[in-house]
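What follows is each chain in one-letter form.
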Amino acid sequence: MSRLEDVSLPAITAGFVAVLISYSGPLAIFFQAAQGAGVSEAMMTSWVWAISLGAAVSGIVLSLWLRVPVITAWSAPGTALLVTLFPGLSLNEAVGAYLTAALLLIVIGVSGSFDRIVRAIPPGIAGAMMAGILFQFGVGVFLSLEAAPGLAIGMLITYLVARRLTPRYGLIILLLVGIALAVGLEGASLQGISLQLAEPQFIRPEWSWHATLSLALPLVLVSLTGQFLPGMAILRGAGYDASARPILAVTGLTSLATAPFGGITTVVAAITAALCTGKEAHPDPAKRYVAGVANGGFYLLGGLFAGTIVALFTSLPGEFVAVLAGLALIGAITSNLSAFAAQKDHLEASVITFIATASGVDFLGLGSAFWGVVAGGLAYWLLYGRFGVSRGRRIRES
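Residues numbered from 1 in each chain as written. Predicted model: local features only at pLDDT ≥ 70, side-chain atom pairs only at ≥ 80, totals over all residues. Heavy atoms only, no water.

Asker: How should the packing of helix H3 (residues 41-66) against helix H14 (residues 306-314) be read in this particular structure?
Answerer: The description of two packed helices rests on the angle between their axes and on the distance between the axes. The contact between H3 and H14 brings their axes to 8 Å, and the two run at 125°. For the element pair H3 / H14, the angle class is oblique. Of the two possible hands of crossing, H3 and H14 adopt the one that is right-handed. In this structure, H3 contributes Glu41, Met44, Thr45, Val48 and Trp49 to the contact, and H14 contributes Ala306, Gly307, Ile309, Val310, Ala311 and Thr314. Residue composition of the contact of H3 with H14, grouped by class: seven nonpolar, three polar and one charged. (Axes fitted to C-alpha atoms, helices over the stretch in contact; angles between N-to-C directions. Helix = DSSP H or I, 4+ residues; strand = E, 2+ residues; numbered from the N terminus. Parallel < 35°, antiparallel > 145°, perpendicular 65-115°, else oblique. Left-handed = near helix turned anticlockwise from the far one by under 90°. Contact = heavy atoms within 4.5 Å. Nonpolar A, V, L, I, M, F, W, Y, C, P; charged D, E, K, R; others polar.)

Put into structure tokens, the structure is as follows:
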């Protein structure tokens with residue numbers, strides 16, 4: 001149990017801000033996925049309840065157990081991947097894929113093979129696949145200009161100014177200004193919003209090869225490379241010698257529990273983790289775990305009143321959600337483009353991965369993320385593997 005003397009206002013504030021940022025930006029991607037699936041408002045409430053509960057339970061348990069500020073959340077890149085698959089993928093198949101991905105992550109965690117698997121994945125291929133998945137969200141910002149130019153331009157300028165003046169709270173400012181613009185320019189009404197408790201909806205899982213190859217396996221890949229890898233790096237960079245084994249095991253178990261209610265994979269946060277691991281959370285590193293506990297507590301409140309969150313987002317125009325999601329992912333798009341561009345020794349294979357993934361192709365019932373990895377992996381082997389090593393060298397030298 002946490003000791004009362006360890007509790008501090010800065011740690012609680014850090015946990016609250018991390019949750020607020022997650023609800024300000026990455027949650028918009030979840031609503032895009034829900035709209036693509038054509039689910040009801042009640043089902044969307046269940047989704048938000050599930051992802052919030054998964055982050056709450058895993059964050060509180062891990063922070064208290066390890067005495068480390070472990071910040072968890074739902075997989076934002078995985079949610080972006082989901083958007084590309086709906087409505088071709090049924091909700092039942094998606095839940096089956098969630099369960100498969102959770103089991104795989106538990107096995108990876110318990111076996112202690114996380115570091116070996118991550119090292120075996122060419123970093124350029126992984127970064128290119130993620131950049132390709134997220135690319136369409138950035139494009140969506142500018143496509144929204146056609147239907148709501150004032151809203152899109154106003155939110156874009158707000159994002160840039162906030163990034164310049166106060167990058168830490170930029171997404172929160174963007175959310176608030178975007179809501180004001182949606183009400184003022186697009187006639188959105190917030191009158192129907194009230195406190196609404198969540199009512200979880202059970203979804204019967206179905207397993208299929210299509211869902212496994214198009215969603216489950218890419219979800220594991222983006223979770224490992226896009227969330228667990230940078231999240232663990234942030235923890236270790238802050239001086240915490242945390243093992244990936246219990247973190248992967250606990251988040252995998254919570255993912256199993258929340259999946260039947262619409263909860264996508266629970267992962268270590270990469271975007272908001274730095275808020276709770278630095279000096280701002282507490283001068284004493286040994287007491288920063290309270291920020292992780294507080295973070296989980298606020299997620300618990302968010303899950304409890306998930307109906308209110310859904311009512312807010314559904315009362316706003318679709319262009320607002322598209323612009324908010326796209327701008328919230330600019331940093332992730334930038335980091336992944338930079339990551340694969342930096343890998344000069346297999347750059348061409350990475351570019352092929354990016355193009356194939358960003359194309360949105362659906363071939364043989366399998367999504368573009370799957371084909372991006374296949375095309376990039378094949379190019380990597382032929383150009384730079386044993387079979388094509390000499391040719392790869394000639395390509396790099398030319």
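Asker: Please clarify how the packing of aromatic side chains should be interpreted in this entry.
Answerer: Any aromatic ring pair is given by two values, namely how distant the centres are and how the planes are angled relative to each other. Scanning all chains against the criterion turns up twelve aromatic pairs. Taking the centre distance of 6.1 Å and the plane angle of 25° together, the rings of tyrosine 23 and tryptophan 74 count as stacked. You can see tyrosine 23 sitting in helix H1 (residues 9-24) and its partner tryptophan 74 sitting in strand E1 (residues 72-74), a full 51 residues away along the chain. A ring pair is formed by phenylalanine 31 and phenylalanine 313, whose centres lie 4.5 Å apart and whose planes are at 10°; its orientation type is stacked. Here phenylalanine 31, found in helix H2 (residues 26-37), pairs with phenylalanine 313, found in helix H14; they are 282 residues apart in sequence, far enough to count as distant. Like phenylalanine 31, the residue phenylalanine 313 is buried in the burial classification. Members of the aromatic cluster, joined through ring pairs, are Tyr23, Trp74 and Tyr299. If you follow arginine 67 out to its NZ or CZ, it ends over the ring of tyrosine 289, 4.7 Å from the centre. (Phe/Tyr/Trp six-rings, centres within 6.5 Å; stacked < 30°, edge-to-face > 60°. Buried < 20%, exposed > 50% of the residue type's maximum accessible area, 1.4 Å probe, protein only. Lys NZ or Arg CZ within 6 Å of the ring centre and 35° of its normal.)

Asker: Would you mind showing me how to read a nonpolar patch on the surface here?
Answerer: Taken together, the side chains of Phe142, Leu145, Ile153, Ile157, Val161 and Leu165 define a hydrophobic patch exposed on the protein surface, amounting to about 570 Å² of accessible area. Examining the composition of the nonpolar patch, we find that four residues originate from one element, helix H8 (residues 149-165), more than from any other. Turning to its location among the elements, valine 161 is positioned in helix H8. (Patch = residues over 30% accessible without salt bridge, like charges linked within 9 Å, V, L, I, M, F, W, Y side chains within 5 Å. Areas by Shrake-Rupley, 256 points an atom, 1.4 Å probe, with all protein chains shown as cover. Salt bridge = Lys/Arg side-chain N within 4 Å of Asp/Glu carboxyl O.)

Asker: Even after reading the chapter, I still don't get the pattern of salt bridges, so can you show me in this structure?
Answerer: Pairing is possible between side chains that carry opposite charge, provided their charged atoms lie close to one another. Counted by the stated rule, this structure contains one salt bridge. With a shortest N-O distance of 3.2 Å, glutamate 206 and arginine 204 are connected by a salt bridge. What makes glutamate 206 partly exposed here is its relative accessible area of 29%.

Asker: What am I meant to see in helix H16 (residues 330-341) here?
Answerer: An α-helical turn contains 3.6 residues, so any two residues separated by three or four positions project in the same direction. Spanning twelve residues, H16 covers 16 Å between terminal C-alpha atoms, matching the ideal 16 Å at 1.5 Å per step. Residues of H16 that are buried: Ala332, Ile333, Asn336 and Phe340. Seen end-on, H16 carries its buried residues on one side only, within an arc spanning 100°. In the core, the buried residues of H16 are packed alongside helix H7 (123-143) and helix H17 (347-358). (Expected span 1.5 Å × (residues − 1). Arc of directions from axis to C-beta.)

Asker: It is not clear to me how the environment of alanine 131 should be interpreted in this structure. Could you clarify?
Answerer: Residue placement: alanine 131 occurs in helix H7. Placed 135 residues apart in sequence, alanine 131 and threonine 266 show a C-alpha to C-alpha distance of 20 Å. Discounting chain neighbours no more than four positions away, the residues touching alanine 131 are Asn336, Leu337, Phe340 and Phe354.

Asker: Sorry if this is basic, but what is going on with the layout of surface pockets here?
Answerer: A water-sized probe, rolled over the atoms, reveals where empty space remains. Considering only enclosed or pocket space, the second largest pocket measures out at about 350 Å³ in volume. Lining of the second largest pocket is provided by 16 residues; of these, Phe16, Val19, Leu20, Tyr23 and Ile309 occupy positions nearest its centre. Put simply, the parts of the chain that give the lining of the second largest pocket at least two residues each are H1, helix H9 (170-186), helix H13 (289-304) and H14. Class assignment of the residues belonging to the lining of the second largest pocket gives a composition of 15 nonpolar, one polar and no charged. (1 Å grid on protein atoms, 1.4 Å probe; cavity = no way out; pocket = protein on both sides within 12 Å on 5 of 7 lines; lining within 4 Å. Points joined across faces, edges and corners; volume = space filled by probe spheres on them.)

Asker: It is not clear to me how the side chain of threonine 265 should be interpreted in this structure. Could you clarify?
Answerer: Along the chain, threonine 265 falls in the loop between helix H11 (244-258) and strand E2 (266-268). If we skip the residues at most four places from it in the chain, threonine 265 touches Ala73, Trp74, Ser75, Ala101, Leu105, Leu219, Ser223 and Ser255.

Asker: How should the nonpolar core be read in this particular structure?
Answerer: Nonpolar side chains tend to gather and get buried jointly when the protein is soluble and globular. Within the largest apolar cluster, 118 residues are counted, with the highest numbers of intra-cluster contacts made by Leu27, Trp47 and Phe320. Of the residues forming this core, the biggest block, eleven residues, is contributed by helix H10 (residues 209-237). One finds Ile125, Ala349, Leu383 and Tyr384 within the second-largest nonpolar core, a separate group that totals five residues. (Core = buried A, V, L, I, M, F, W, Y, C linked by side-chain atoms within 4.5 Å.)

Asker: How should the environment of leucine 229 be read in this particular structure?
Answerer: Tracing the backbone through its elements, the reader meets leucine 229 in helix H10. On a C-alpha basis, the gap between leucine 229 and alanine 270 in space is 8.4 Å, while along the polypeptide they are 41 residues apart. If sequence neighbours within four positions are ignored, leucine 229 has contacts with Phe114, Val118 and Leu224.

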